Amino acid sequence: MSNEKIICITHGRCHDHCIGHARAGSAQPAASIASGSTVKTTVSNVGVAAPSQELAQEVVNVTSNAQVLKDLSVPATAHLAAVLEVSYSGEIPAGGVQVPFDVSGFAKKGDVVYVLHRQAYAPYTWEVVGQAVMGDNLTVTGTFTSFSPVAFMVVNASEVTAAGAKAPKTGE
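Owing to the predicted nature of the structure, the values given are computational and were not obtained by experimental measurement.

Caption draft 1: Representation of the side chain of His117. When you line up the elements, His117 lands in strand β6 (residues 111-118). A polar side-chain atom of His117 sits 3.0 Å from a polar atom in the side chain of Ser148. In this view, His117 contacts Thr125, Trp126, Glu127, Val129, Phe144, Ser146, Phe147, Ser148, Pro149 and Val150; residues no more than four positions away in its chain are not counted.

In structure tokens, the structure reads:
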């Protein structure tokens, strides 16, 4: 673990006291979150790294903006759980690349996890590339036609239905 770099997604720099982090530098692709656990994928040609300070601040701004979340159909009660720079080595097929993420480090059964992706070209808008109500396996899949920053937003499923939004299908 000595080669890991921890960057706070709120402050954009290293702080031991921060509760939200993104971590990179380990042999396994992973991003640390508040509890110190990880986001993992089993796709061999997908890389994961910590976001830059600029990107971390952008993600905090985007995920704190009620209108942006509304436009993305993400409930305002969702909280930012992890931020990653995701890369892919290979040719992206026409339908995109499906990347499953193990989110057991910050989601529990019944939670809704949204995978947000910043589009690779100007105006760099954000889109939801995956979402699921967590089942027993705590995995959510994003379908990517380009690779760049990814944010994971989590909301309790009861909060989604209480707000009048329809929860996505269970990711079991």
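We are not done yet, so read on.
Caption draft 2: Looking closely at the packing of aromatic side chains. This model, assessed by the stated rule, comprises five aromatic pairs. An angle of 25° between the planes, with centres 5.0 Å apart, marks the rings of Phe144 and Phe147 as stacked. Within the aromatic cluster, the residues linked to one another by ring pairs are Tyr88, Phe101, Phe106, Phe144, Phe147 and Phe152.

Caption draft 3: Quick look at the pairing of strand β4 (residues 79-88). Sheet analysis places strand β3 (residues 46-49) next to β4, joined by four bridges and oriented antiparallel. Across the sheet, Val46 pairs through a bridge with Tyr88, a residue of β4. Alignment of β4 against strand β9 (residues 149-156), held across six bridges, turns out to be antiparallel. Each residue of the ladder has a partner; that of Glu85, found in β9, is Pro149.

Caption draft 4: Looking closely at the environment of Thr141. Inspection of the secondary structure puts Thr141 in strand β8 (residues 139-144). Of the residues examined, Thr141 reaches a relative accessible area of 34% and is grouped as partly exposed. Placed 10 residues apart in sequence, Thr141 and Gln131 show a C-alpha to C-alpha distance of 7.2 Å. Not counting the four nearest positions on each side in its chain, Thr141 is found in contact with Gln98, Val99, Pro100, Val129, Gly130 and Gln131.

About the cut-offs
- Residues numbered from 1 in each chain as written.
- Predicted model: local features only at pLDDT ≥ 70, side-chain atom pairs only at ≥ 80, totals over all residues.
- Heavy atoms only, no water.
- Helix = DSSP H or I, 4+ residues; strand = E, 2+ residues; numbered from the N terminus.
- Polar contact = N/O pair within 3.5 Å; in protein donor to acceptor, adjacent residues only side chain to side chain.
- Contact = heavy atoms within 4.5 Å.
- Phe/Tyr/Trp six-rings, centres within 6.5 Å; stacked < 30°, edge-to-face > 60°.
- Pairing = 2+ DSSP bridges.
- Buried < 20%, exposed > 50% of the residue type's maximum accessible area, 1.4 Å probe, protein only.

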